[in-house]
Structure formats: C-alpha cells, structure tokens
Amino acid sequence: MNKITAQEAQAFGKVGVLYGGRSAEREVSKMSGSGVLAALQSHGIDAHLFDTGERSLAELAAEKFDRVFIALHGRYGEDGSIQGALELLGIPYTGSGVMASAVGMDKITTKNLWVKAGLPTPGYAQLDAGSDLARVAAELGLPLMMKAPHEGSTIGITKVADAADMQAVYDATAALDDSVLAESFVSGREFTVAVLGGGATARALPVVEIVAPQGNYDYQNKYFTDDTQYFCPPQLDAAMQAEMQRLALAAYRAVGCEGWGRVDVLLRESDKQPFLLEVNTSPGMTSHSLVPMAARATGLSYEDLCVEILRAARLKLAKA
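Residues numbered from 1 in each chain as written. Predicted model: local features only at pLDDT ≥ 70, side-chain atom pairs only at ≥ 80, totals over all residues. Heavy atoms only, no water.

(A) Local environment of the sheet that holds strand β5 (residues 144-147). If you trace the four strands from one edge of the open sheet to the other, you get β4-β7-β5-β6, paired in antiparallel fashion. Two strands bound the open sheet, and with one partner strand each, they are β4 (124-127) and β6 (157-160). Taken pair by pair, the neighbouring strands of this sheet meet at an average axis angle of 20°, ignoring direction. Sitting on the sheet, helix α6 (residues 107-116) touches β4, β5 and β7 (180-184), and the angle it makes with β7 is about 45°. (Pairing = 2+ DSSP bridges. Helix = DSSP H or I, 4+ residues; strand = E, 2+ residues; numbered from the N terminus. Axes fitted to C-alpha atoms, helices over the stretch in contact; angles between N-to-C directions. Contact = heavy atoms within 4.5 Å.)

(B) A look at the pairing of strand β13 (residues 274-280). Here β13 lies mainly inside the structure; seven of its seven residues are buried. Here strand β12 (residues 260-268) folds back onto β13 in antiparallel fashion, the turn holding five residues, of which lysine 272 has a positive phi close to 60°. (Buried < 20%, exposed > 50% of the residue type's maximum accessible area, 1.4 Å probe, protein only.)

(C) Representation of the packing of helix α7 (residues 133-140) against helix α8 (residues 166-174) in the model. Taken N-terminus to C-terminus, the directions of α7 and α8 make an angle of 100°; their axes are 10 Å apart at the nearest point. Considering their axes alone, α7 and α8 lie roughly perpendicular with respect to each other. Seen from α7, the contacting residues are Leu133, Val136 and Ala137; seen from α8, they are Met166, Gln167 and Tyr170. (Parallel < 35°, antiparallel > 145°, perpendicular 65-115°, else oblique.)

(D) Focus on α6. Taken as a whole, α6 has its buried residues at Lys107, Ile108, Thr110, Lys111 and Trp114. Viewed along the axis of α6, the buried residues span an arc of 160°, placing them on a single side of the element. Taken together, the buried residues of α6 touch α5 (98-105), β4, β5, β7, α10 (238-255) and β13. Sitting at the amino-terminal end of α6 is aspartate 106, which places a side-chain oxygen 3.0 Å from the backbone nitrogen of isoleucine 108. Just past α6, the residue glycine 118 takes up positive phi, approximately 75°. (Arc of directions from axis to C-beta. Polar contact = N/O pair within 3.5 Å; in protein donor to acceptor, adjacent residues only side chain to side chain.)

As structure tokens, then:
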C-alpha cells in the first residue's frame, strides 16, 4: 500500500461512506462500506460511515461531509436517487451522475442504448401484463432468462426452459419490479471488466473470468461462499481480452458512466462471440468483489483503489 501524504488526507476533509440503504442488497452494501471505511482510514482520511437506510437526508446534510464515497448497491443508492439528493445538497460524490446511474440500473434502457450504439447484447423483449409470452418464447428461443431489470446481484433472475413455466416466472418476477426483461440465453463463459475514470481517459482493468459451481453465479455464490473461482488473467487469448476491454469501455461510455464501474460480458461457446450483459455503476467492494481483484492484477491495492475512486468525487450537474 502506498500511503498518501498527510496533506492530501487532510485535503479530502470529512468523508462520508454511504452504505446500507434500503435495497435488497443492503447486507452486501454494509460489507462494502465497512471495507471502504477501513481502507480510507488506513490512509489517515477522516472517514465515517453513514447508513442511508437508517438515517435521513436532513441528518446527511447536518454531518457536513466535504465529499462522500457511495458504497450503496441497488435501488435508492445505485439508481440516481442518492446522486440527485447529493447534487441538491452540494456534496461531491464518487461514481456516475444522476442520469448514468439511473440508466445503468435499468437493464432495458441500457440494452436499448447499446443496440443503438451497435454494441452486441443478447436479444431481448420488455414484458408487461399484456405480453404474449408464448410468442416471446418463440422469438427469443428457449431456454431464456427472465429478469427484474432494476435489481442487482442476480436478484430476480430466473432461467426458463419450458414455455409452460413462462407465466409463473413472469408473475414472480413482476412482483419484484414494474417491468420484466426477457433475454435470450447465451451458453458460454462469464467475464467481467472493471473500468476506472471517465470519458476519453477511462481505462479498462484486466479481464476477470468467473467460474461458479454448476455455472450458477447467484447471490450466495457471489458473496457468501468460496466455491466460485476467479481467474485474472483468464485463460483467453490476448486479442479476445483486448476486445472485451474495448467493448466494456464502449458500453461504459454509451451509458455516460464515470468514476468507476464494471461491465459484465458473456462469451458464447459456439462461436466465441462476446455479448454485453449489464453495467454496474456502484460495484461491490467486499472480500469477494471483482473490481478490487482486477485492480490488484495491475498492482493497485484495495486501499489505493478506494483513494483513487475518492479523488474523482465531484458534483456532476454544477458548472465548473
């Protein structure tokens, strides 16, 4: 770990680490926030936890933070909600702004943007109560994936293998969200690419391959078991790794992300075609998380990664 100077630590001022929140990913966010807090404090930064699920915006304003590190995941933390509040309060914050956060949290809008940008993503359909589910199954093929488009951490995702199950899975998914995403199933290997920075200066970190038990990279296997294997660098030729990084940067920029993020990619087994799945604008920072893993492969420690992300904190709507 490269200790920052006392002057720089002091220049950050009073730093809030926003964590917890009210989403289905609250427990993961608490782990992320605790890790970030320890990392920042190890550099001598005056950092403090603030649980947005238990404390009000009035209390956030009263804390008089000079900047905040957003370690929230899911709704109310990764979807533009807290970003908008911070803009109104005038508190610089890490990560993407209001618009990019809202877009990135909506898998359907994200895919619409990617398609318009000519980027590869699995075929999909937006479902509502009036959708012809049999026709969707015929058009996308079976099996297909059904997803709650505003959830993260694989919450609300189901593989549908039989058309007879479409209605029941739709009903269960619709109970979690106001719309439902049906997506063609891509059989292949799973990768992720972390990105730091923004605009023309954004840079992709090394590719990480995820090998989960029985190919099931669910909530439990993401955060609470040691059965999932990660390979960084992966067993993949350099040209394909570079192509995944290129696609990840293009996907990140198309959404308007900045600060940091992570783009998930599937490599189809049949023809080695990469497909973009989703972008995460406030990725996990737990002991199992992928952005710190990719950063370590470049020699950037967890602690230094947190500082780099914090350095980029700013208000996005205010004029320079």
